[in-house]
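One-letter residues, chain by chain:
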Amino acid sequence: MRSRNSEEEELKNTVDNQPYAALSMPLTSENGMYPVLTSERMLQSGMVPQASCFQFVRTAAEIQFKKLKQLLFMGKKICQFKSLGRFFSLIGYGWKLPQAAQFKQPWITCLYWVESKLRSEGNQELKNMSGKPRLTYLNGRGRMESIRWLLAAAGVEFEEVYLETKEQYDKLIKDGFLLFQQVPLVEIDGMKMVQTRAIMSYIAGKYNLHGKDLKERAMIDMYVEGISDLMQMILMFPFSPPDAKEKNLESIKEKATNRYFPVFEKVLKQHGQDFLVGNKFSWADVQLMEAILAVEEKVPAVLSGFPQLQVFKTKMSNMPTIKKFLQPGSPRKPPPDAHYVETVLKIFRK
C-alpha cells in the first residue's frame, strides 16, 4: 500500500505534466482513505471539501479544464482574486482559505501550486475570459487593422499574438480556434471570434458605437459596407504585380474621389453635424477616418476637393482615443512593406 504522500506527489506530477491525464485517475485513493469529488459532484454539493491536498488538486485540475466557465459569478474575474479561497467564497461555496498555520506545509504549497496553475500563461482561455481582448494575426495591417482601430477608438486596450510561421497558423486550425480556417481571430468575453465583420459588429455594439436604434444601425452598416469596398482595394494593393501597381493606384484614386468620398462629403454637408449618424461618434466614423488616412498615404492631396472631410479628419484626429492611436508607439501598424507581403504569402500558401 502506498503512502498518502506518494499518492499526492504522483497526482501533482501527473497534473503538472499531463493535465488531461488527471481526468482519468480513479475517484478514490488506493488506500481508500481520501475520496475524490469530481467537479460535477462538487457543483451539486455546494461545498469544496477541506480534505487532503491531493483531493483538492485533483478536483481543481478537473475544473480548470472542464468547468471553470460555470464557476464565474456575476462577472467576477478569477485573475483578480488574491487566493482561490477568496474566489470560492465569492461564488458561494462557503469555503474560505484557512490561515497557513492551521494546515501542514504540503497543503499550502499545493494550494498555491493550483492557484499559479490557474493563472499560468498556458491557460489562455482563463486569461481571455477575464482580461483584455486578444488579437491573433500577422504583425501588420491586413484585415485586423480595422479591428485595432475600432478597439482603440473605444478606448479598449488589447493584447496581440503575431503569426510568423505557417506552423502556427496550421496549429490554430488543428486546435479548432479558426471556425472557417481564417484569421483574424479575436478572443473576447470568453469567445473565439472570427470573420472581420462579425467581430467589429460585436465590438461596436458592446462599446455603444452602433447607433441607438435599428434605423441608425442600418445607416452605420451601410456606410461601413461602402467604406469596406474602398478598403478592400487598399488591402490588396501591396500584392499587386509590379506591372499592375500604377494602374491599381490610379483605380484607388479614381474610386475614392469619384465614388466614395463624395458620398460622405454630401452627408456631412447636408446635416451639418460632426458625425455621420445621429450626431454621435460611431463605428462608421472610425472606419471613414481609417480610410481617409489610408488613401492619403498613397494620394496625399486626395481631400483637396472635400472641405467637409477635411474638417471631419481634423476633429477625429483630436479625439483623445484616436489621437492616442495615431501617436508613435501605438498598436497601429505601418503601411505594408515587402517583408510583410512575403510573410503573408509564406503563412497562407496552400
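Predicted model, so just to flag it, every value in this text is computed and none were measured.

Peer 1: How should I be thinking about the packing of helix α11 (residues 214-236) against helix α12 (residues 245-271) in this particular structure?
Peer 2: Packing of α11 against α12 brings their axes to within 11 Å, and their N-to-C directions diverge by 160°. By the angle between their directions, the pair α11 and α12 is classed as roughly antiparallel. When the axes of α11 and α12 are compared, the crossing they make is left-handed. For the pair α11 and α12, contact is made by Tyr 223, Gly 226, Ile 227, Asp 229, Leu 230, Met 233 and Ile 234 and by Ser 251, Ile 252, Lys 255, Ala 256, Tyr 260, Phe 261, Phe 264 and Val 267, respectively. Residues belonging to the contact of α11 with α12 are distributed by class as follows: 11 nonpolar, 2 polar and 2 charged.

Peer 1: Can you help me understand the environment of Met 231 in this one?
Peer 2: With respect to the helices and strands, the residue Met 231 is situated in helix α11. Residues Met 231 and Ile 252 lie 21 residues apart in sequence; the distance between their C-alpha atoms is 9.3 Å. Apart from residues no more than four positions distant in its own chain, Met 231 is found in contact with Glu 290, Ala 291 and Ala 294.

Peer 1: Quick question: what am I supposed to make of helix α14 (residues 307-317) here?
Peer 2: Note: α-helices contain 3.6 residues per turn, so residues at a spacing of three or four share the same orientation. Those residues of α14 that fall on the buried side of the exposure criterion are Leu 309, Phe 312, Met 316 and Ser 317. Considered in projection along α14, the buried side chains sweep an arc of 125° and stay on one side of the axis. The elements touched by buried residues of α14 are α12, α13 (283-298) and α15 (320-325).

Reading guide: rules and limits
Residues numbered from 1 in each chain as written. Predicted model: local features only at pLDDT ≥ 70, side-chain atom pairs only at ≥ 80, totals over all residues. Heavy atoms only, no water. Axes fitted to C-alpha atoms, helices over the stretch in contact; angles between N-to-C directions. Helix = DSSP H or I, 4+ residues; strand = E, 2+ residues; numbered from the N terminus. Parallel < 35°, antiparallel > 145°, perpendicular 65-115°, else oblique. Left-handed = near helix turned anticlockwise from the far one by under 90°. Contact = heavy atoms within 4.5 Å. Nonpolar A, V, L, I, M, F, W, Y, C, P; charged D, E, K, R; others polar. Buried < 20%, exposed > 50% of the residue type's maximum accessible area, 1.4 Å probe, protein only. Arc of directions from axis to C-beta.

From the geometry alone we can't say anything about function, so treat these as descriptive.
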